[in-house]
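Structural characterization, general
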Amino acid sequence: MSRETHTVAVVGGGASGLMAAIAAARAGASVCLLERQNRVGRKVLATGNGRCNLSNTTVTEKNYHGKNPGFVNTVLQRFCVQDTLAFFNNLGILTTVEDDGEVYPLCAQASAVLDALRFEGQRLGVQTVVGAEVNRIVPGTQGFTLVHEGPPTEASAVVLAAGGKAMPQLGGGESGIRLATSLGHRLVPVYAGLVPLKTDCPYNRQLKGTKVNALVTLDIAGSSTLSQRGEVLFAEYGLSGPPLIQLSMSAAEALHYGSKVRLMLDLFPEWDPQTLTDHLQSRFEKAGDTPLEQALIGFCNKRLILPLLATAGLSGTASAFSSIAFASRLAAVCKAWAMTITGSLSYNEAHVMCGGIDCADVDPETLQSRQVEGLYLTGELLDVTGDCGGYNLQWAWSSGHVAGVQAAQSVFKRG
Ligand SMILES: Cc1cc2nc3c(=O)[nH]c(=O)nc-3n(C[C@H](O)[C@H](O)[C@H](O)COP(=O)(O)OP(=O)(O)OC[C@H]3O[C@@H](n4cnc5c(N)ncnc54)[C@H](O)[C@@H]3O)c2cc1C
């Protein structure tokens, strides 16, 4: 059986693996990249709704979650946002910064980002093998044997960039976790993150497809913690949309650890409760004997009127409810429509996996494993999860770059 020998083998051709392969090759290593799917970078293509929100200019450690959030600092300093933008610029990708510091390619095409990475790998002589699922990584005295279908691959150092469980349809899975834990790395429990949330709202089915601009506040174990504002989408199972996806990280974490999680929708974030109450009272007075639901046309999205009235316990004609007490009851629901979060959707709908390989088992200076010399870990496989807004790809680029360079250099140092 003929065996291929390389300085560095990269397991996984996603964002962090492609970056690691380029960085190692630029550092002078002969690099082999093994990808189990029939093409590299499938998840990259889906990022940012096909536009690839590739970074964020506001990155700090506060944007990352995990048992040890400070772990990201050294890595993000070694290959920072400016380095990332210069890297892509050098490959011909112009970028633009949008609201909240989100960075996108100016051409608005994730496929351009992926092409730039693929062509740079080719230029540097990275040997890419697709359809090669690594089933075992066997450390030896001279390096590693990577077992996959066909002749095994030999390498002096390995970068494990196999990602997490999110979106199996785009390559997510447990393979990376299995490979890392079989080599003695500990696992911080994993769960789906950046994912739509299920609620107990009795009107979910009725409201399916309705969009509203709202301020969403999360209440974890009785204390209001975080708020996000933006477009909320009602769905059959509960709620989605940017504010929900952003808050889902904290909600999913709290649910995972058994806390009660509720959310409040403020449908009138610009209005204070008194102004809203006054408005409703005068609206009801003016409407007289018209049915309440008719009196509220134009007040909010029509599909919300009956659910809001029912939640406030009001029905009948407007004149019956024109007292301040009734108006303030409806205003209270509009300002804080409370729902219990009963869970989240599965990995099939999740953008990321939270949890992962315990960062305590990895050296933050180099991303080398503390369990296996010569093995480096990157990206979503580690217990590092970024907020929504380009932070996860930034982590993939930074960790991939650091691991690729360090893997190559470690081999040359060892001689
Ligand atoms: C729909 C969607 C949209 C997103 N949008 C954004 C966004 O706009 N901005 C942002 O910052 N983040 C976004 N993310 C998150 C971001 O894409 C990921 O965090 C990032 O791609 C993780 O990179 P990675 O290299 O760690 O893993 P991945 O990109 O998942 O790559 C891992 C690769 O390893 C391969 N692999 C796994 N096991 C093996 C094995 N045993 N042998 C060989 N190959 C293997 C997989 O097939 C895969 O190709 C999005 C995620 C999704 C799902």
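Residues numbered from 1 in each chain as written. Predicted model: local features only at pLDDT ≥ 70, side-chain atom pairs only at ≥ 80, totals over all residues.

1. A short note on the overall build of the protein
Rules: Numbering of helices and strands runs from the N terminus, with a helix taken as a DSSP run of H or I at least four residues long and a strand as a DSSP run of E at least two residues long. Buried means a residue has 20 or more other C-beta atoms within 10 Å of its own C-beta, exposed means 12 or fewer, and partly exposed covers the counts in between; C-beta atoms are placed from the backbone. Throughout, a pair of residues is in contact if the C-beta atoms placed from their backbones lie within 7 Å.
Check the secondary structure of the protein and you find 13 helices and 20 strands. Considering only C-alpha atoms, the protein reaches an extent of 90 × 40 × 35 Å along its principal axes. Here the protein holds 415 residues, and 50% of them are scored as buried. Long-range contacts, defined as pairs at least 24 residues apart, comprise 75% of the intrachain contacts of the protein with a sequence gap of at least 6.

2. Side note on the site of the ligand
Which entries qualify depends on this criterion: Throughout this description, a residue near a molecule or strand is one whose C-beta atom, derived from the backbone, lies within 6 Å of it. In this classification, the charged set is Asp, Glu, Lys and Arg, the nonpolar set is Ala, Val, Leu, Ile, Met, Phe, Trp, Tyr, Cys and Pro, and all remaining amino acids, among them Gly, are polar.
The immediate surroundings of the ligand are formed by 40 residues, with G12, G14, G163, G171 and G379 found nearest. Elements with a contribution of two residues or more to the shell around the ligand: α1 (15–26), β2 (31–35), α2 (42–46), α6 (175–182) and α13 (391–414). Among the elements that line the shell around the ligand, the one with the most residues is α13, at four residues. Considering only residue class, the shell around the ligand consists of 16 nonpolar, 19 polar and five charged.

3. A look at the pairing of strand β16 (residues 261–266)
To be explicit about the condition: Following DSSP output, two strands are said to pair if at least two bridges run between them.
Burial of the side chains of β16 is restricted to one face: V261, L263 and L265 are buried, whereas none of R262, M264 and D266 on the reverse face is. The pairing of strand β13 (residues 211–220) with β16 spans six bridges and is classified as antiparallel. Paired with T217 across the bridge in β16 is M264. Relative to strand β17 (residues 337–344), β16 is paired through four bridges, and the arrangement is antiparallel.

4. Focus on the sheet that holds strand β14 (residues 223–234)
Under the convention used in this document: Axis lines are fitted through C-alpha atoms, for helices just across the contact stretch, and the angle between N-to-C directions can take any value from 0 to 180 degrees.
The strand order around the closed barrel formed by six strands is β12-β15-β14-β13-β16-β17, and the pairing between neighbours is antiparallel. Strand-to-strand twist of the sheet, defined as the mean angle between neighbouring strand axes without regard to direction, takes the value 45°. Where strand β12 (residues 197–199) and β17 come together, three bridges link them in antiparallel fashion. Bridge pairing in β17 places K198 opposite G343.

5. Observations regarding the nonpolar core
What tends to happen in soluble globular proteins is that the nonpolar side chains get buried as a cluster. The condition is simple: Remark: nonpolar core denotes a set of buried Ala, Val, Leu, Ile, Met, Phe, Trp, Tyr and Cys residues whose joining runs through C-beta atoms within 7 Å.
Core analysis: the biggest nonpolar cluster contains 76 residues, and V8, V11, A24, V158, V159 and L160 have the highest contact counts within it. Judged by nonpolar contacts, the second largest core, of 54 residues, contains A166, L207, L314 and F321.

6. With respect to the domain arrangement of the protein
Short version of the rule: Domain borders in the structure are assigned automatically or taken from a domain database.
Entries for the protein in the domain assignment read domain 1 (4–189 + 355–414) and domain 2 (196–345). Domain 1 and domain 2 are separated by 41 Å when their C-alpha centres are compared.

7. Re the sheet that holds strand β3 (residues 55–56)
In space, the three strands of this open sheet follow the order β3-β6-β5, with antiparallel pairing throughout. Where the open sheet ends on each side, the last strands, each with one partner, are β3 and β5 (95–97). Pairing analysis gives three bridges linking β5 to strand β6 (residues 102–105), with the strands arranged antiparallel. The residue of β6 that forms the bridge with T96 is Y104.

8. A few points about the packing of helix α11 (residues 302–312) against helix α12 (residues 324–335)
For the record, the criterion: In a left-handed crossing the near helix is turned counterclockwise from the far helix by less than a right angle, and in a right-handed crossing that turn is clockwise.
Two elements in contact, α11 and α12, have axes whose closest approach is 9 Å; the angle formed by their N-to-C orientations is 115°. Between α11 and α12 the crossing geometry is right-handed. Contact residues: L308, T311 and A312 in α11; R329, L330, V333 and C334 in α12. When grouped by side-chain class, the residues that make up the contact of α11 with α12 number five nonpolar, one polar and one charged.

9. Details of the packing of helix α9 (residues 273–287) against α12
Spelled out, the test is: Geometric relationships in this document are graded by angle, where less than 35 degrees denotes roughly parallel, more than 145 denotes roughly antiparallel, 65 to 115 denotes roughly perpendicular, and other angles denote oblique.
Following both chains from N to C, one finds α9 and α12 inclined at 125°, their axes separated by 8 Å at the closest point. The pairing of α9 with α12 is recorded here as oblique in orientation. Crossing handedness for the pair α9 and α12: right-handed. Here α9 contributes P273, L276, T277, L280, Q281 and F284 to the contact with α12, which in turn contributes I324, A327, S328, L330, A331, A332, C334 and K335. Looking at the contact of α9 with α12 residue by residue, the class counts come to 10 nonpolar, three polar and one charged.

10. Some details on the pairing of β13
Sheet analysis places β13 next to β14, joined by nine bridges and oriented antiparallel. Bridge assignment links V212 to a residue of β14, and that residue is V232. Counting the residues between successive antiparallel strands, the hairpin from β13 to β14 contains two residues, one of them, A221, with a positive phi of roughly 50°.

11. A look at the environment of N49
For N49, the position within the fold is in the loop between α2 and β3. Considered as a pair, N49 and A108 are 59 residues apart in the sequence and their alpha carbons are 9.8 Å apart.

12. Points about helix α5 (residues 110–123)
What counts, and what does not: Here a helix's expected span is defined as the number of its residues, less one, multiplied by 1.5 Å. The arc in question is traced by the directions running from the helix axis to the C-beta atoms.
With 14 residues, α5 should cover 20 Å at 1.5 Å per step; its first-to-last C-alpha distance of 20 Å lies within 8% of that length. Burial in α5 covers these residues: A110, V113, L114, L117, E120 and G121. Angular distribution of buried residues about the axis of α5 spans 130°; they occupy a single face of the element. Opposite the packed face of α5, turned more than 90 degrees from it, sit the exposed residues F119, Q122 and R123. Close packing links the buried residues of α5 with α1, β2, α2, β6 and β7 (127–130).

13. Topic: unusual backbone geometry
The residue M167 is not glycine, and still its phi comes out positive at about 50°. Looking at the element boundaries, M167 is found in the loop between β10 (153–160) and α6. The residue L367 is not glycine, and still its phi comes out positive at about 70°. Its location among the elements puts L367 in the loop between β18 (352–357) and β19 (375–377).

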